[in-house]
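Each chain, letter by letter, is given below.
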Amino acid sequence: MSGMTGQRADTTQARDAVDTTDAVRVVEADRQPCWRGRDIAFVAVETEDAELLQEWRCDPATAHVMGVWPRSLASLREQIERDQEDQDRDDFLIVLADGTPVGHAALTDQNYADGTADVELLLSPRHRGRGYGTRVLDALTDLAFGELPLYRLRAVTHADNAAALAVLDGSGFTREGVSRSACLHRGRRYDVAVFSLLRPEWEGQPRPRSWDL
């Protein structure tokens, strides 16, 4: 299931615990960006990023809104290696100009015949609430529609994740409906909101494209 954390952070203690390590990380300068957005850049995810992604996925708020159960570091490395061989997905680490990583974004389940794909977005706990969600999503949709032969993008998130809902709405996604009780977490079932963005809707957005920045 594709997912969005948006900019929500629910647990101060967990957020502070991640901040300590996350704050000192930078991406090596020799990793060239493959795409850019407003004040952000995309670099391809490498196996060496597994430890960082593991820290983000272990955040309680992330586990809740993404519906993921953190795996071992070894299994996450193996997953990254499998994903690198998957021709139907592209995974990116989101970095600032100084190399600070702020999140992970992906285009998954790409089907060029139908022109469809799912979008995923995970922000570092310490970088939520700063507007990066919208910047990343805008850049990701520019990539999907400006460089790839896609026509429809889909995103899902917990129906009560107000921050992610706002990010999707701000990037022009339309709420199509709700998958009832589609996610289980901590003994409770949660509804999942389903969003989509079509190429003509993206074309009508009055904002600079990533290649114009």
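Because the structure is predicted, anything quoted here is derived from the model rather than measured. (Residues numbered from 1 in each chain as written. Predicted model: local features only at pLDDT ≥ 70, side-chain atom pairs only at ≥ 80, totals over all residues. Heavy atoms only, no water.)

Colleague: Talk me through the pattern of salt bridges; I want residue IDs and the actual numbers.
Modeller: Inspection of the entire model under this criterion finds 10 salt bridges. For Arg207, the salt bridge is made with Asp138, and the minimal N-O distance between the two is 3.8 Å. Here Asp138 lies in helix α5 (residues 132-146) and Arg207 lies in the segment after α7 (199-203), a separation of 69 residues in the sequence. Of the two residues, Arg207 and Asp138, both sit in the buried class. A single salt-bridge network, built from bridges that share partners, covers Arg31, Glu48 and Asp49. (Salt bridge = Lys/Arg side-chain N within 4 Å of Asp/Glu carboxyl O. Helix = DSSP H or I, 4+ residues; strand = E, 2+ residues; numbered from the N terminus. Buried < 20%, exposed > 50% of the residue type's maximum accessible area, 1.4 Å probe, protein only.)

Colleague: Let's hear about the environment of Leu96: which residues, and what values?
Modeller: Inspection of the secondary structure puts Leu96 in the loop between β3 (90-95) and β4 (101-111). Given a relative accessible area of 17%, Leu96 falls into the buried group. Sequence separation of Leu96 and Ala41 is 55 residues, and the distance between their C-alpha atoms is 6.4 Å. Look past the residues within four positions of Leu96 in its chain and what remains in contact with it is Asp39, Ile40, Val102 and Tyr132. (Contact = heavy atoms within 4.5 Å.)

Colleague: Account for the sheet that holds strand β2 (residues 40-44), naming residues and giving values.
Modeller: With respect to topology, eight strands assemble into an open sheet ordered β1-β2-β3-β4-β5-β6-β8-β7, the strand pairing being mixed. Looking at the sheet topology across the chains shown, the edges are occupied by β1 (35-37) and β7 (174-185). This sheet shows a mean twist of 25° between the axes of neighbouring strands, independent of strand direction. This element, helix α6 (residues 162-170), spans β6 (152-158), β7 and β8 (188-198) of the sheet and lies at about 160° to β6. (Pairing = 2+ DSSP bridges. Axes fitted to C-alpha atoms, helices over the stretch in contact; angles between N-to-C directions.)

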